[in-house]
Structure formats: C-alpha cells, structure tokens
Amino acid sequence: MKLKLVEKRKEAQGTKSFFFETEKDFDYLPGQYFYITVPKLKYKDTRGATRHFTLSSSPTEGKIIRITTRVRKESGFKQTLNELAVGTEIEGEGPEGTFVLDEKEKGPQVMIAGGIGITPFRSMIKYAIDKNTGTQIHLIYSNSLPEQISFQKELENWAKEADNFKLSMTVTRPEESTRNLPTGGQEWNGLTGRIDEQMIKKLIENWKLKIGNLTFWLCGSPVIVDAMEKIMGQLDVSAGRVRSEKFPGY
Ligand SMILES: Cc1cc2nc3c(=O)[nH]c(=O)nc-3n(C[C@H](O)[C@H](O)[C@H](O)COP(=O)(O)OP(=O)(O)OC[C@H]3O[C@@H](n4cnc5c(N)ncnc54)[C@H](O)[C@@H]3O)c2cc1C
C-alpha cells in the first residue's frame, strides 16, 4: 500500500523516526513490522531499495504509523529515506511478524533492548499503557552513549506514571558522552556497563520478581540477541519463555 511521509523527527543522536499516512485503514499488533521500499535509490545500495522496519508506533496512537531507525552514511537506502521530502509516497507491505504482545499475557514480561531494538518495545509498552491491559512490563535498555537513547523522556515519564511499567537503562561508554557538559562527558545517573547475568539477576531481585515466572523478550542486533540468549541459558530460563527478534544489518 502507499505510505505518504508526513513527518521526520530526530529521536536521538543518529536516530530518526519517519511518520506515514497510510493509503487505507488496517489493523496491526504491537511489535509487528512492515517492508518499506523507497521509490528510487538516490544513493547506491547493494542491499537494494527494501528493508524491514518495526512499527514503533502503537495501534492505540491512531492512523499515522511510525518507523524508527539509525540513519547511517554507509547505507544508501537510509540516506535516500532520510532525504525524502515530506509529502513523498513510498511503498509499504505489511503488517507482518509474530513478535507481538498478546493482551492476555498478564504475567511479568521482561523486555531487553539493545540500541534500536527498542522499537517493538516502545509499541508494546505504549499499547499496554493505553489499553490498561494490566500487563507488568520491566524494560532493560542498553545503549553505548546516553545521547543515543531513543524515546528517553517518554519512557521515563511512563515509568513515573504507570504502576505496571518499570524501566532500567544502562550505557556502556558513558565516558565518551559529549551531551550537556561543555567539557565533554555527562553526569549519567543510570546503570553503566553491558547487560550481563549479574545485572539481570540484580534487577530482577530489586523488582521482586522470580525468574521462573518471567517471559523474556530480546531485541537488537544479532550479536546482542545471541549474547542475551546465552545469558538466558545461564539463568536457566526455559526456551519457551524467551522471545527473540534480531535486526540483521546492525
Ligand atoms: C523483523 C525486523 C524488524 C526490523 N526493525 C527495524 C527497526 O525497527 N529499525 C531499524 O533500524 N532496523 C530494523 N530492522 C533491520 C533493518 O531491516 C536493516 O537491516 C538495518 O536497519 C540495517 O540497515 P542497512 O542495511 O541500511 O545498513 P546499516 O547498518 O544502516 O549500514 C549500512 C552498511 O554500513 C555498515 N556499517 C554500519 N555501521 C557502520 C559503522 N559504524 N562503521 C562502518 N560501517 C558501518 C554496515 O556493515 C552495513 O553494511 C529490522 C529487521 C527485521 C528482520
């Protein structure tokens, strides 16, 4: 179906959202994705003119859909997408995918996002809050730098306002941050370091959860998701309680 670009918005350093009006109404589930095709590549790209993108919007946010991505110079596709003028029509196919939050899932859900892997979780969390599903969601969100955290303010506000949503963010290279301080660096009050077995165990203890009752959701680059799956094994989480989505290309 035709998708008309209606807004581009900077979400974080190097990360942008693209909002589209759709040619026709359709239903989607939180966490589903679309195939997005640009009409003509302005810059060469060996991977072609189509990519998968999760809808970072929630079905509760109305008819405009949103995708969010890291715009890299090395990607001809993304440079083309980034330079599209508002009003341009592109092609979208979807929704697709089974990495979706079921409204009936009432047990505690622990979502672990690496970088841009936050996109399906933004959709799911917003959905659970708007629909008041009662789902308990605990998000662990890792980025290299504080300035690369997408949706930071929004997530922090949701965590303040919604009893069922808990948030923990970590950055792996806080010393390289140039946000805020003229001298470089930034006061970062959250966790630091990569997500590992100890960090997950500690958070689960702080949140007063029991590992055996949890469903884990993992999303990010294949390297991050593979590392998290290994940790799931170390924590003795059964395979049936782990849901993964890998974003290839990162
Ligand atoms: C189900 C599904 C859902 C997805 N949802 C999303 C989503 O919501 N958002 C999203 O962004 N992606 C998502 N993806 C991934 C997306 O489809 C692309 O594969 C991904 O964004 C990479 O895009 P790209 O190929 O344009 O390459 P990019 O990784 O953007 O860059 C192009 C090339 O540059 C190289 N490169 C990248 N970074 C560097 C660097 N720092 N230094 C040197 N070289 C570099 C890479 O090797 C790559 O070949 C999803 C994928 C799937 C399967």
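Residues numbered from 1 in each chain as written. Predicted model: local features only at pLDDT ≥ 70, side-chain atom pairs only at ≥ 80, totals over all residues.

**Q** Please give an account of unusual backbone geometry that cites residues and values.
**A** Residue Gly94 is joined to Pro95 through a cis peptide bond whose omega torsion reads 5°. Considering the arrangement of structural elements, one finds Pro95 in strand S6 (residues 89–96). In this structure, Phe151 is a non-glycine residue whose phi angle is positive, near 60°. Turning to its location among the elements, Phe151 is positioned in the loop between strand S8 (137–143) and helix H3 (152–161). (Helix = DSSP H or I, 4+ residues; strand = E, 2+ residues; numbered from the N terminus.)

**Q** Account for the sheet that holds strand S9 (residues 165–171), with residues named and values stated.
**A** Here we have six strands laid out as an open sheet, ordered S10-S9-S8-S7-S11-S12, and parallel in their pairing. Unpaired on one side and paired on the other, strand S10 (191–192) and strand S12 (242–246) mark the two borders of the sheet. Across seven bridges, S8 lies against S9 in parallel orientation. Note that in S9 the partner of His138 across the bridge is Lys166. Here helix H2 (residues 119–130) sits on the sheet and contacts strand S7 (109–114), S8, S9, strand S11 (215–220) and S12; the angle it forms with S8, its principal contact strand, is near 155°. Lying on the sheet, helix H5 (residues 222–234) is in contact with S7, S11 and S12; it crosses S11 at an angle near 155°. (Pairing = 2+ DSSP bridges. Contact = placed C-beta atoms within 7 Å. Axes fitted to C-alpha atoms, helices over the stretch in contact; angles between N-to-C directions.)

**Q** Give me the site of the ligand: which residues, what numbers.
**A** The local shell around the ligand holds 22 residues, among which Thr69, Glu74, Ser75, Thr119 and Gly249 are the closest. The element best represented in the shell around the ligand is strand S4 (residues 50–54), accounting for four residues. The residue inventory of the shell around the ligand, partitioned by class, reads seven nonpolar, eight polar and seven charged. Residues from two domains meet in the shell around the ligand; each of domain 1 (2–96) and domain 2 (109–246) gives at least three. (Near = placed C-beta within 6 Å. Nonpolar A, V, L, I, M, F, W, Y, C, P; charged D, E, K, R; others polar. Domains from an automatic or database assignment.)

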